[in-house]
Amino acid sequence: MSKFVLPGDEVAVVEEYIPAEGTYEHEGIIRASVAGKLSLNDNDMTATVKPVNEPNILKPGDNVFCRITDVRASMAVCEIIASDGNDRDITGDKSATIHVSKLSSEYVQDVGNEYRPGDVIRAKVLQVKPSVQLSTQEPHYGAIKALCRKCRKPMEADGKVLKCKACERTETRTIADDYGCVEF
Ligand SMILES: [Zn+2]
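In this text the structure is predicted, and so the values were computed from the model without any measurement.

Asks: For this particular structure, what's the right way to read the pairing of strand β7 (residues 46-51)?
Replies: In the case of a regular strand, side chains alternate between the two sheet surfaces. Sheet analysis places strand β3 (residues 18-19) next to β7, joined by two bridges and oriented parallel. Across the sheet, residue Ile18 finds its bridge partner in β7, namely Thr46. Where strand β6 (residues 36-40) lies against β7, five bridges are found, and the strand directions are antiparallel. Considered in β7, the bridge of Leu38 is made with Val49.

Asks: Please clarify how the sheet that holds strand β2 (residues 10-13) should be interpreted in this entry.
Replies: Pairing between the strands of a sheet comes from backbone hydrogen bonds, and it takes one of two forms, parallel or antiparallel. Spatially, β2-β5-β4 is the arrangement adopted by the three strands of the open sheet, whose pairing is antiparallel. Sheet topology places β2 and β4 (23-26) at the edges, where each strand pairs with a single neighbour. Neighbouring strand axes in the sheet, compared pairwise and without regard to direction, differ in orientation by 30 degrees on average. Bridge count for β2 against strand β5 (residues 29-32) is three bridges, and the pairing is antiparallel. Bridge pairing in β5 places Glu10 opposite Arg31.

Asks: What is the right way to look at the UniProt feature "binding site: Zn(2+)" (unreviewed entry) in the chain in this model?
Replies: Look at the UniProt record and you will see "binding site: Zn(2+)" (unreviewed entry) annotated at Cys148, Cys151, Cys164 and Cys167. Despite a sequence span of 20 residues, these residues sit close together in the fold, their greatest C-alpha distance being 8.6 Å. Along the chain, Cys148 falls in the loop between β15 (142-145) and β16 (156-158). For Cys148, a relative accessible area of 0% translates into the label buried. Structurally, Cys151 is set in the loop between β15 and β16. On the basis of relative accessible area, Cys151 is assigned to the partly exposed category, the value being 28%. Beyond its immediate stretch of four places on either side in the chain, Cys151 contacts Cys164, Ala166 and Cys167.

Asks: What am I meant to see in the environment of Ser135 here?
Replies: Along the chain, Ser135 turns up in strand β14 (residues 132-135). If we skip the residues at most four places from it in the chain, Ser135 touches Ile98, Lys102, Ala123, Lys124, Leu126 and Tyr141.

Conventions we followed
Residues numbered from 1 in each chain as written. Predicted model: local features only at pLDDT ≥ 70, side-chain atom pairs only at ≥ 80, totals over all residues. Heavy atoms only, no water. Pairing = 2+ DSSP bridges. Helix = DSSP H or I, 4+ residues; strand = E, 2+ residues; numbered from the N terminus. Axes fitted to C-alpha atoms, helices over the stretch in contact; angles between N-to-C directions. UniProt positions renumbered as here; feature names shortened; annotations may be inferred. Buried < 20%, exposed > 50% of the residue type's maximum accessible area, 1.4 Å probe, protein only. Contact = heavy atoms within 4.5 Å.

See below:
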C-alpha cells in the first residue's frame, strides 16, 4: 500500500500501527510529519512516511556534468551524468548536444580537437526542449577529465593543452578552469 500524504495527515491509529520514521502520534492518531509516500507495514505493524524530493528537472542556466559519447562535424554528443550543485538524479532526457558554435569562446575548426569520446565535461544548459542543448563557451566550462587517446591514462592540464605523463603525448581540448580538480 502506497499513498502520498502531507504533514499532519492522519495515516493510522495506534491500536493498529506503531508510529515510525516520518510519522508522529497524538491522542491515539498517527499523523505524517513529512510530505511523502505512506507505507503501512503489516509484518512489523509500523507506519512510515518516506519523504519524496522534488524531481530534479533540468532548466536553462543549470550546470551539468556530461560524458562525451560522439564527436561529429557540427556537434559533440554527450550523456548528462549529474547536475553540478544538485545531488538528486536528473529526471527526463539525459542525451544532449553541443553545437560547434557553442563549444568554445574561440573559433572551432574541428570538434575532435576540442572533445573526444569518453571526456567528462562541465557544461551549461542552453535549452531543454525540444532537445537538450549545452554550451561550454565560458572558462568554467569544458573538459574536467580526459584520457590519453593512446594509453587511456588520465591526462594533466599544461596551460591550454593536455599532457599524458605515461607516454608524453599531448592533446588539445576545451578545458575547464578547474580541470583535474573535480571529484565525483
Ligand atoms: Zn598516454
